[in-house]
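Single-letter residue listing:
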Amino acid sequence: DTTMRLRISHSTTYRYEPAATGAIQIIRMTPGSHDGQYVAEWQIDVSTDSRLDMHEDAFGNVTHVITHDALEELTITAEGLVETHDTGGVLKGADERFPPGFFLRQTPLTAANAAMATIVRDLRAESEADDVLGFLHTLMTQIYEHMTFDESPTHSGTSAAEAFGLRRGVCQDYAHIFIACARAGGIPARFVSGHFLRSDGAVHQEAGHAWVEAYIPDLGWVGFDAANCICTTDAHVRVALGLDYLGAAPVRGTRYGGGHETLTVKVKVEQVGRGGQSQSQSQRQS
């Protein structure tokens with residue numbers, strides 16, 4: 001049996017001191033089903049008495065909008081069971097709302113600078129003109145070797161060029177750099193947020209995961225996880241996509257009033273057996 005069963009729990013807690021007078025949160029924490037991924041069960045819980053409106057955004061992501069009045073603390077928890085298959089990194093059976101060329105569109109977070117453009121030009125010169133897949137694999141390896149995984153220097157507003165200059169960052173930064181370089185090379189690429197079952201046995205994670213899908217003629221969209229230097233596998237659970245992090249972020253919010261905001265994220269990704277019990281080789285991601 002080639003099915004992997006993954007139990008995922010993703011909770012985000014906001015604390016406001018003093019209390020916020022009101023807030024609106026847009027959450028993209030609900031995965032969809034396609035050929036490599038079947039969502040067996042999923043639910044979203046909010047700790048406060050809030051309105052929860054579900055709809056789909058322009059990309060087809062399932063979004064919930066949470067509106068609430070005065071509050072000191074809010075916890076949003078998404079959890080469920082997802083069955084995955086390894087498709088060799090190729091995405092099939094997903095609902096595509098836009099032609100691939102739409103994902104050539106630059107954003108402030110994914111603009112390539114001169115140093116990145118030079119790498120793309122050199123890689124393009126070395127690879128066969130029609131070998132897009134080979135170019136992307138080499139690009140992924142170069143980014144992985146150039147960067148050091150480090151949670152401290154970057155934040156959600158860090159651009160690809162900034163992270164590339166620092167040579168440090170998190171999975172989101174690796175994804176933005178990959179997208180910037182792919183688009184600079186004329187290859188449509190998009191940001192994917194989701195979860196990853198780590199192979200090192202660690203279950204608890206500080207955050208969700210992020211990777212890229214790039215469009216390859218005759219093959220379609222293929223997932224590249226530059227932070228782990230692999231194409232996507234059955235260990236990846238795809239949740240949302242966008243032109244960059246801002247379009248696929250698990251939670252984005254606006255609040256009114258209130259003082260200091262503290263954010264705590266807890267993620268747990270583990271493999272479960274047929275009966276639903278957790279297996280000891282449950283894993284975690286970076």
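Cut-offs and rules
- Residues numbered from 1 in each chain as written.
- Predicted model: local features only at pLDDT ≥ 70, side-chain atom pairs only at ≥ 80, totals over all residues.
- Heavy atoms only, no water.
- Helix = DSSP H or I, 4+ residues; strand = E, 2+ residues; numbered from the N terminus.
- Rg over C-alpha atoms; globule rule 2.2 N^0.38 Å.
- Buried < 20%, exposed > 50% of the residue type's maximum accessible area, 1.4 Å probe, protein only.
- Contact = heavy atoms within 4.5 Å.
- Areas by Shrake-Rupley, 256 points an atom, 1.4 Å probe, with all protein chains shown as cover.
- Lys, Arg positive; Asp, Glu negative; His and termini not counted.
- Charge placed at Lys NZ, Arg CZ, Asp CG, Glu CD.
- Axes fitted to C-alpha atoms, helices over the stretch in contact; angles between N-to-C directions.
- Parallel < 35°, antiparallel > 145°, perpendicular 65-115°, else oblique.
- Left-handed = near helix turned anticlockwise from the far one by under 90°.
- Nonpolar A, V, L, I, M, F, W, Y, C, P; charged D, E, K, R; others polar.
- Salt bridge = Lys/Arg side-chain N within 4 Å of Asp/Glu carboxyl O.
- Phe/Tyr/Trp six-rings, centres within 6.5 Å; stacked < 30°, edge-to-face > 60°.

(A) Inspection of the overall build of the chain at higher detail. Along its length, the chain carries five helices and 14 strands. For 286 residues, the compact-globule estimate of 2.2 N^0.38 gives 19 Å, and the C-alpha radius of gyration of the chain, at 19 Å, lies within 12% of that figure. By principal-axis analysis of the C-alpha atoms, the chain measures approximately 60 × 45 × 35 Å. With 286 residues in all, the chain has 51% of them scored as buried. Considering only intrachain contacts with a sequence separation of at least 6, the fraction spanning at least 24 residues in the chain is 75%. Carbon together with sulfur atoms contributes 49% to the accessible area of the chain, which is approximately 12700 Å² in total. Separation of charge centres in the chain, based on 22 positive and 36 negative side chains, amounts to 1 Å.

(B) Representation of the packing of helix 1 (residues 114-126) against helix 2 (residues 132-146) in the model. Where helix 1 contacts helix 2, the two axes come as close as 10 Å, and the packing angle between them is 140 degrees. For the element pair helix 1 / helix 2, the angle class is oblique. Regarding helix 1 and helix 2, the two cross each other, and that crossing is right-handed. Within the contact between the two elements, helix 1 uses Ile119, Val120, Leu123 and Arg124 and helix 2 uses Phe135, Thr138, Leu139 and Gln142. Here the contact of helix 1 with helix 2 is composed, by residue class, of five nonpolar, two polar and one charged.

(C) Structural context of the environment of Ala240. Note on placement: Ala240 falls in strand 12 (residues 236-242). Spatially, the C-alpha atom of Ala240 lies 25 Å from that of Gly201, the residues being 39 residues apart in sequence. When near neighbours in sequence (up to four residues on either side) are disregarded, Ala240 contacts Arg28, Asn61, Phe191, Val192, Ser193 and Ala248.

(D) A look at unusual backbone geometry. In this structure, the amide linkage connecting Glu17 to the following residue, Pro18, adopts the cis form with an omega of -5 degrees. Counting through the fold element by element, Pro18 comes out in strand 1 (residues 4-30). Within the chain, Asp218 stands out as a residue other than glycine whose phi angle is a positive 70 degrees. Looking at the element boundaries, Asp218 is found in the loop between strand 9 (209-216) and strand 10 (220-225). You can call Asp218 exposed: its relative accessible area is 85%.

(E) Local environment of the packing of helix 2 against helix 4 (residues 171-184). Contact pair helix 2 / helix 4: the axes reach a minimum separation of 10 Å and the direction vectors enclose 140 degrees. Between helix 2 and helix 4, the crossing angle belongs to the class labelled oblique. Crossing of helix 2 against helix 4: the hand is right-handed. Here Leu136, Leu139, Met140, Ile143 and Tyr144 of helix 2 lie close against helix 4, whose contacting residues are Tyr174, Ile177, Phe178, Cys181 and Ala182. Classifying every residue of the contact of helix 2 with helix 4 gives 10 nonpolar, no polar and no charged.

(F) Broad picture of the pattern of salt bridges. Considering all chains together, one arrives at 13 salt bridges under this definition. Taking the shortest distance from any N to any O, the salt bridge between Glu83 and Arg5 comes out at 2.7 Å. Taken as a pair, Glu83 in strand 4 (residues 62-84) and Arg5 in strand 1 lie far apart in primary sequence, 78 residues in all. Across the pair, exposure class does not vary: Glu83 and Arg5 are buried alike. Residue Glu96 pairs with Arg190 through a salt bridge whose shortest N-O separation is 2.8 Å. Linking Glu96 in the loop between strand 4 and helix 1 with Arg190 in strand 7 (residues 189-196), this pair joins segments that are 94 residues apart in sequence. One connected set of salt bridges, linked through shared partners, spans Glu96, Arg190, Glu213 and Arg238.

(G) Local environment of the packing of aromatic side chains. Evaluation of the coordinates by the stated rule reveals 12 aromatic pairs. Ring geometry for Phe59 against Phe103: centres 5.9 Å apart, planes inclined by 35 degrees, an arrangement best described as tilted. Taken together, the residues Phe59 in the loop between strand 3 (51-56) and strand 4 and Phe103 in the loop between strand 4 and helix 1 connect sequence positions 44 residues apart. On the basis of relative accessibility, which here comes to 14%, the residue Phe59 falls in the buried class.

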